[in-house]
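Structural overview for review
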Amino acid sequence: MGRIPGLSLAKTEMRLVGRSEAIRTIEADIECAARSDAKVLITGETGVGKEVVARQIHQRSLRAQGPLVNVNCAGLPDSLLESELFGHVRGSFTGAYRDKPGLLEMAPNGTVFLDEVGEMSMRMQVVLLRFLETGEIQRIGADRSHTRVNVRLITATNRDLPTQIASGAFREDLYFRLNVIRLTIPPLRERLDDIPLLVDYYLDTYSGQHRVARPEVSSAAMDVLMAHRWPGNIRELKNVIERLVLKTSGQIIRPNDLPADVFKPLIAAGAGISPGDGVAPRKPDARSAADDLAVRMLQNGESFWSAVYPVFMSRDLTRDDLRKIVQLGLESTNGNYRLLIQLFNMPDEDYKRFLSFLRKHDCHLPFQRFRVAPSRLPANAVSRSMLSNKA
Ligand SMILES: Nc1ncnc2c1ncn2[C@@H]1O[C@H](COP(=O)(O)OP(=O)(O)OP(=O)(O)O)[C@@H](O)[C@H]1O
Ligand SMILES: [Mg+2]
């Protein structure tokens, strides 16, 4: 169409990769939504796949032969959004040299996907509500409605609309109109079963696309991928895998190959340590001995036994410092001591030796308080190593 960014006639078919309970529910919801013409509201964090789901609904519906028009409400100023959706008549504003139909008119018997609907201004919400009530299209500058259209509306947002309604930023009557079929996509960290499948899928995709040998992911690296919070969800995972394919073509991907924000979040964040049980808070300006040692292990690949152990035994490192280091690591590994061994560059066989060393010096921290809260991560949805973690 060559129109404005944010607006597109979507054609690409996209697969919904996954086998988790959540994905199976979403598949069933898509089938159900595709059988009717009711409005659909898709919610979920950024990058969870709202647009993929909208496309699937369209492609499986009776409207599949009609157009799917994608409009991103966040990308456009009000007047432009209104004109793009509803069209305008000649002379209605400077630069309106001729009558122009809107995208709604251009999607007869199709689907219009309004993305980021939570970003719509109050004025645009009124215009949209009027259209939803009457089905009539009134071009900007026209004194009456121009035509009626038969389009199906799918909307999406990563905002919590009830909260926005409470704060007066979103109209409740519009919400009720849009929220007929509700599809909520859970974040990736709540459907860990999908991670290995998505990793495989994108390893295949990107090694094919970039024509490089396909790397394999070691089980330790997969544990790290499963313990990561994925705030950017599948989009973030996809980008991480693409970088890995380019960086480690054909080899085995190990934890150290993973980007710092996935494997070493605390180092990436400047080794920020929060005050915790028995651990002194960190001075904001100075990097402590604990931070320096953590950097030596996490960034330079030195083993705990060569970096930390001798300094502690010669009493150049306090117990508090050692606890800080353990805390740093456990925060990175979500409370997993087995992963901590790998993070601190020790062989797996050193697990018992490491734990008894910590216990002997009263530096063994309970792992439970480093686990992601149950509301964010189901109790059974932890990485494979965590399941065998008896520490
Ligand atoms: N289940 C899935 N299987 C494979 N790829 C997926 C899946 N879900 C999402 N993706 C991919 O992840 C990326 C983000 O998906 P999408 O754009 O649909 O997310 P979104 O929820 O609309 O994000 P935003 O809120 O930022 O607009 C896309 O490249 C999409 O192809
Ligand atoms: Mg989107």
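Reading guide: rules and limits
Residues numbered from 1 in each chain as written. Chains lettered and ligands numbered in written order. Predicted model: local features only at pLDDT ≥ 70, side-chain atom pairs only at ≥ 80, totals over all residues. Heavy atoms only, no water. 1 Å grid on protein atoms, 1.4 Å probe; cavity = no way out; pocket = protein on both sides within 12 Å on 5 of 7 lines; lining within 4 Å. Points joined across faces, edges and corners; volume = space filled by probe spheres on them. Helix = DSSP H or I, 4+ residues; strand = E, 2+ residues; numbered from the N terminus. Domains from an automatic or database assignment. Axes fitted to C-alpha atoms, helices over the stretch in contact; angles between N-to-C directions. Parallel < 35°, antiparallel > 145°, perpendicular 65-115°, else oblique. Left-handed = near helix turned anticlockwise from the far one by under 90°. Contact = heavy atoms within 4.5 Å. Buried < 20%, exposed > 50% of the residue type's maximum accessible area, 1.4 Å probe, protein only. Pairing = 2+ DSSP bridges. Phe/Tyr/Trp six-rings, centres within 6.5 Å; stacked < 30°, edge-to-face > 60°. Near = heavy atom within 4 Å. Polar contact = N/O pair within 3.5 Å; in protein donor to acceptor, adjacent residues only side chain to side chain. Areas by Shrake-Rupley, 256 points an atom, 1.4 Å probe, with all protein chains shown as cover. Core = buried A, V, L, I, M, F, W, Y, C linked by side-chain atoms within 4.5 Å.

**Structural notes on the layout of surface pockets**
Volume-wise, the largest pocket comes out at about 660 Å³. Together, 31 residues line the largest pocket, and Gly47, Gly49, Glu51, Val52 and Arg235 are the ones closest to its centre. For the lining of the largest pocket, the elements supplying multiple residues, two or more each, are helix H1 (21-34), helix H2 (50-60), strand E6 (111-115), helix H7 (194-209) and helix H9 (233-247). For the lining of the largest pocket, the element with the most residues is H7, which contributes five residues. Two domains each donate at least three residues to the lining of the largest pocket, and these are domain 1 (7-186) and domain 2 (188-263).

**A closer look at the packing of H1 against H2**
At their nearest, the axes of H1 and H2 sit 8 Å apart, and the two run at 45 degrees to each other. Viewed along their axes, H1 and H2 adopt a mutual orientation that is oblique. Our pair here, H1 against H2, has a crossing hand that is right-handed. Two secondary-structure elements touch here, H1 through Ile26, Glu27, Ile30, Glu31, Ala33 and Ala34 and H2 through Val53, Gln56, Ile57 and Arg60.

**Some details on the pairing of strand E3 (residues 68-72)**
Within E3, four of the five residues are buried, which leaves it mostly tucked inside the rest of the structure. Direction of pairing for E3 relative to E6: parallel, over a ladder of five bridges. Paired with Asn70 across the strands is Phe113, a residue of E6.

**With respect to the packing of aromatic side chains**
If you walk through the whole model with that rule in mind, you get 14 aromatic pairs. Between Phe304 and Phe357, the aromatic rings sit 5.8 Å apart at their centres with planes inclined by 70 degrees, giving edge-to-face as the arrangement. In this pair, Phe304 is assigned in helix H13 (residues 304-307) and Phe357 in helix H17 (residues 351-360), connecting sequence segments 53 residues apart. The exposure class of Phe357 is buried, given its relative accessible area of 8%. With a centroid separation of 6.4 Å and an interplanar angle of 85 degrees, the aromatic rings of Phe344 and Phe354 are classed as edge-to-face. Of the two residues, Phe344 sits in the loop between helix H16 (337-343) and H17 while Phe354 sits in helix H17, which places them ten residues apart along the sequence.

**As for the site of ligand 1**
Within the structure, ligand 1 sits among 18 residues, and Val17, Thr46, Lys50, Tyr202 and Lys238 are positioned closest to it. At 2.6 Å from an oxygen atom of ligand 1 is found a side-chain nitrogen or oxygen belonging to Thr46. Backbone polar atom of Val48 to an oxygen atom of ligand 1: 3.4 Å apart, as the coordinates give it. Summarising the interface, the protein chains cover 90% of the accessible area of ligand 1, which totals 630 Å² for the free molecule. Contributing elements (two or more residues each) for the shell around ligand 1: H2, H7 and H9.

**Some words on the environment of Met120**
With respect to the helices and strands, the residue Met120 is situated in the loop between E6 and helix H4 (122-134). Expressed as a C-alpha distance, the spacing of Met120 and Asn72, which sit 48 residues apart in the sequence, is 9.7 Å. With near-sequence residues (within four places) excluded, Met120 lies in contact with Cys73, Leu81, Leu114, Gln125 and Leu128.

**Quick look at the side chain of Asp350**
Among the secondary structure elements, Asp350 is positioned in the loop between H16 and H17. Side-chain polar atoms of Asp350 contact the side chain of Trp305, separated by 2.8 Å. Excluding anything up to four places from it in sequence, Asp350 contacts Trp305 and Ile341.

**Some words on the environment of Leu129**
With respect to the helices and strands, Leu129 occurs in helix H4. Once the C-alpha coordinates of Leu129 and Tyr175 are considered, the two residues, 46 residues apart in sequence, prove to be 9.4 Å apart.

**Focus on the nonpolar core**
In this structure, Phe304, Tyr337, Phe344 and Phe354 are the most contacted members of the largest nonpolar core, which totals 57 residues. Split by domain, the residues of this core number at least three in each of domain 2 (188-263) and domain 3 (264-391). Among residues more than four places away in sequence, those in contact with Phe304 are Met297, Tyr309, Leu322, Phe344, Met346, Phe354 and Phe357. If you look at the next biggest cluster of nonpolar residues, it comprises 31 residues, including Val69, Leu128, Ile137 and Val151.

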